[in-house]
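Okay, here's what each chain looks like letter by letter:
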Amino acid sequence: MSHDTIIATEGLNLWYGDTRALADVSIQVPDRKVTALIGPSGCGKSTLIRCFNRMNDILPGCRIEGKVIFHGENIYDNGADPVSLRRRIGMVFQKPNPFPKSIYENVAYGPRIHGIRDRRILDSIVEESLRRAALWDEVRDRLSRSATSLSGGQQQRLCIARTLAVEPEVILMDEPCSALDPIATAKVEGLIDELKKQYCVIIVTHNMQQAARVSDYTGFMYLGRLIEFGGTTQIFESPRDELTENYITGRFG
Amino acid sequence: MKDKFHDEMARMRAGVLEMGFFAEQMLSDAMRALQENDTELAREVKERKARLSGQNDTLEEDAYRLIALYQPVARDMREIACALKIISSAERIGRYGKDTAGVVLSLGNTRPDDLVAALSLPHMGKLVLSMIDDALHAYETGDLELIAHHSGRDDVVDALRHTIFREGITYMMEDPRTITRCTNYLMVARYLERCADHACKIAEMVHYLVTGERIEIR
């Protein structure tokens, strides 16, 4: 791969109790690019991105083997701190989940718990984050309004702004548009294109056209395995693996 | 939904094949009309052009509709790209058949036909028709062996066209009364050479369809 790898897995296996959800996954995710993970339900794609910021740790019965290397260090080493990791690797979920607070407080929340108290600094972080999430112009006059008063698409962009506020390096997105209408989806997709100039974006999506539109690299997963990983154009024009071909052309899944 | 899509794709593919063989038949019959001085057959070939255009329009619309409705990827995408290219080559081949039939009609049924054979046009026609036929059968079956030598076969056709051109000039210099006939026959050689190029275009697309790799056959 010609681009610098920011996060990689080596022989990653994950079990939920007796169920093996990931099987020997080795992937190298390039920095400042969008990587899409596709595959049928239950193939392990969400499980994989949840490994990248140790979101699976909290699940009872979850066991992990192998390595997840972020900046050359295994994030599952004993000394690694999941809280600081989750600041550097942020996540946006399927359903927008703003806190029941004001728009401003939603964005300022992260920086605050990381110790920033100065109002002017917080103001500038909030503005900058909302600008980067392409939401500033729509909410600048109503920052004190409740976040829940926003539309679904705006709420999702607010969640992205909230993630950006703590200056992450990697943004994980788990089906970020599946609860949005086509116009809101187009806005989020446009935003993803902007974000990759500064961040590594990893997106899980069921929408094949979306993966093809927004990503530079695509990984196809099936039954916990990474079947094929390559440039998005190659995967969608002439995939090498028959399973990938059959899945993306709708012959199963 | 996807099954409906693949049913429609199969129908489009069958339509493309039908059109391809229809165009091949137009060229084949036009060559026969030329050799046998059969103006009746030539007239009939000319009339088939309307049907050829109709097939082209229908298939093109089908392809655009499938793209718009299903946003196909991978082999499905290649299948549609291939269909669009093949029908445009097939349309050209059919039209060259029509143009050849036009030559037969313009020369009338009283011409001596010795020059057609002397200039090796039937031989050239056979070579070109077999290239078209193999390319279409490769599309039908996915058997790339059928198109493995299209580049070399195209070279033979190109060389033949140059030979025919030189010989034609010689005949015309020897006997100016042959000028009208010869210039028309040289046009036919040119049509055939273009048809061989279209056979190569079809072969390139079939290769892309089957392997996902683009190649250039020259």
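Above this note sits the structure.
Okay, so let's go over this structure.

### As for the overall build of chain B
So, point 1. Assigned secondary structure in chain B consists of eight helices and zero strands.
So, point 2. Against the 2.2 N^0.38 benchmark of 17 Å for 218 residues, chain B shows a C-alpha radius of gyration of 19 Å, consistent with a compact globule.
So, point 3. The principal-axis extents of the C-alpha atoms in chain B amount to approximately 65 × 35 × 20 Å.
So, point 4. Across chain B, contacts joining residues at least 24 apart in sequence account for 82% of those joining residues at least 6 apart.
So, point 5. Counting only carbon and sulfur atoms, one obtains 52% of the accessible surface of chain B, whose full area is about 10,100 Å².
So, point 6. For chain B, the distance from the average site of its 29 positive side-chain charges to the average site of its 37 negative ones is 4 Å.

### A closer look at the overall build of chain A
So, point 1. A tally of regular secondary structure across chain A gives 10 helices and 10 strands.
So, point 2. Along the first, second and third principal axes, the C-alpha set of chain A runs to 55 × 45 × 35 Å.
So, point 3. For chain A, the proportion of its 253 residues judged to be buried stands at 53%.
So, point 4. Of the contacts made within chain A by residues no fewer than 6 positions apart, 67% connect residues no fewer than 24 positions apart.
So, point 5. For chain A, the accessible surface area stands at approximately 11,400 Å², while carbon and sulfur atoms represent 47% of it.
So, point 6. Measuring between centres, the 31 positive side-chain charges of chain A sit 5 Å from its 32 negative side-chain charges.

### Some points on the sheet that holds strand 1 (residues 5–16) of chain A
All names here are of chain A.
So, point 1. The four strands are arranged 2-1-4-5 in an open sheet whose pairing can be described as antiparallel. Of all the strands in the sheet, just strand 2 (19–30) and strand 5 (73–74) have a single pairing partner and so form its edges.
So, point 2. Pairing of strand 4 (residues 62–70) with strand 5 involves two bridges; the strand directions are antiparallel. Of the residues in strand 5, the one forming a bridge with Phe70 is Glu73.
So, point 3. Helix 1 (residues 45–52) contacts strand 1, strand 2 and strand 4 of the sheet and is inclined by roughly 120° relative to strand 1.

### Concerning the pairing of strand 6 (residues 89–92) of chain A
Residues and elements named next belong to chain A.
So, point 1. Neither face of strand 6 is open: one carries Ile89 and Met91, the other Gly90 and Val92, and all of them are buried.
So, point 2. Judged from the four bridges that link them, strand 6 and strand 7 (residues 170–174) form a sheet pairing that is parallel. Note on strand 7: the bridge partner recorded for Met91 is Leu172.

### Remarks on the interface of chain B and chain A
Interfaces are often sized by the amount of accessible area the parts lose when they come together.
So, point 1. Contact with chain B, which involves 13 residues of that partner, is made by 10 residues of chain A.
So, point 2. Summed over both sides, the interface of chain B with chain A buries roughly 940 Å², with 49% coming from carbon and sulfur.
So, point 3. Between chain B and chain A we count two salt bridges in total.
So, point 4. In this assembly, chain B and chain A are joined by nine residue pairs in polar contact (both at pLDDT 80 or more).
So, point 5. Mapped onto the side of chain B that touches chain A, the elements with two or more residues apiece are helix 1 (2–36) and helix 4 (74–107) of chain B.

### Some thoughts on the pattern of salt bridges
So, point 1. Following the criterion strictly, the structure yields 37 salt bridges over all chains and no others.
So, point 2. Arg20(A) serves as the salt-bridge partner of Asp24(A), at 3.8 Å between the closest nitrogen and oxygen.
So, point 3. By relative accessible area, which is 38% here, Arg20(A) ends up partly exposed.
So, point 4. Glu8(B) is the salt-bridge partner of Arg65(B), the closest N and O atoms lying 3.0 Å from each other. Taken together, the positions of Arg65(B) in helix 3 (residues 49–70) and Glu8(B) in helix 1 put the pair 57 residues apart, joining distant regions of the chain.
So, point 5. When its relative accessible area of 36% is taken as the criterion, Arg65(B) is described as partly exposed.
So, point 6. In this structure Glu8(B) comes out as buried when scored by relative accessible area, which is 9%.
So, point 7. It is possible to trace a salt-bridge network through shared partners that takes in Asp29(B), Arg32(B), Glu36(B), Glu44(B) and Arg48(B).

### Comments concerning the sheet that holds strand 9 (residues 217–222) of chain A
All names here are of chain A.
So, point 1. Sheet architecture is open: six strands sit in the order 6-7-8-3-9-10, paired in mixed fashion. Each end of this open sheet is capped by a strand with a single partner; those strands are strand 6 and strand 10 (225–231). The average undirected angle you get between the axes of adjacent strands in this sheet is 20°.
So, point 2. Looking at chain direction, strand 3 (residues 34–38) and strand 9 are connected through four bridges and run parallel. Its bridge partner being in strand 9, Thr35 is matched across the sheet by Tyr217.

### With respect to the environment of Ala23(A)
Residue and element names in this part refer to chain A.
So, point 1. For Ala23, the position within the fold is in strand 2.
So, point 2. Overall, Ala23 belongs to the buried group, its relative accessible area being 4%.
So, point 3. Measuring from C-alpha to C-alpha, the distance between Ala23 and Ala179 comes to 29 Å, with 156 residues separating the pair along the chain.
So, point 4. Setting aside anything within four residues of it in sequence, one finds Ala23 in contact with Leu12, Asn13, Gly224 and Arg225.

### Some thoughts on helix 4 (residues 119–132) of chain A
All names here are of chain A.
So, point 1. Here helix 4 spans 20 Å end to end across 14 residues, near enough to the 20 Å set by a 1.5 Å rise per residue.
So, point 2. Those residues of helix 4 that fall on the buried side of the exposure criterion are Leu122, Ile125, Val126, Ser129 and Leu130. Around the axis of helix 4, the buried residues are gathered within 120° of arc, so they sit on the same side.
So, point 3. One side-chain oxygen at the N-terminal end of helix 4 lies 2.8 Å from the backbone nitrogen of Arg120; it belongs to Asp118.

### A look at the packing of aromatic side chains
So, point 1. Per the counting criterion, the structure on display carries eight aromatic pairs over all chains.
So, point 2. Arranged with centres 6.1 Å apart and planes meeting at 20°, the rings of Tyr217(A) and Phe229(A) form a pair that is stacked. With Tyr217(A) in strand 9 and Phe229(A) in strand 10, this pair connects stretches of sequence that are 12 residues apart.
So, point 3. Judged by relative accessible area, Tyr217(A) falls into the buried class, the value being 12%.
So, point 4. Every member of this aromatic cluster is reached through a ring pair, and the members are Phe220(A), Tyr222(A), Tyr247(A) and Phe252(A).
So, point 5. Sitting over the ring of Phe22(B), Arg51(B) keeps its end group 4.5 Å from the ring centre.

The rules behind each value
- Residues numbered from 1 in each chain as written.
- Chains lettered and ligands numbered in written order.
- Predicted model: local features only at pLDDT ≥ 70, side-chain atom pairs only at ≥ 80, totals over all residues.
- Heavy atoms only, no water.
- Helix = DSSP H or I, 4+ residues; strand = E, 2+ residues; numbered from the N terminus.
- Rg over C-alpha atoms; globule rule 2.2 N^0.38 Å.
- Contact = heavy atoms within 4.5 Å.
- Areas by Shrake-Rupley, 256 points an atom, 1.4 Å probe, with all protein chains shown as cover.
- Lys, Arg positive; Asp, Glu negative; His and termini not counted.
- Charge placed at Lys NZ, Arg CZ, Asp CG, Glu CD.
- Buried < 20%, exposed > 50% of the residue type's maximum accessible area, 1.4 Å probe, protein only.
- Pairing = 2+ DSSP bridges.
- Axes fitted to C-alpha atoms, helices over the stretch in contact; angles between N-to-C directions.
- Buried area = accessible area lost by both parts, 1.4 Å probe.
- Salt bridge = Lys/Arg side-chain N within 4 Å of Asp/Glu carboxyl O.
- Polar contact = N/O pair within 3.5 Å; in protein donor to acceptor, adjacent residues only side chain to side chain.
- Expected span 1.5 Å × (residues − 1).
- Arc of directions from axis to C-beta.
- Phe/Tyr/Trp six-rings, centres within 6.5 Å; stacked < 30°, edge-to-face > 60°.
- Lys NZ or Arg CZ within 6 Å of the ring centre and 35° of its normal.

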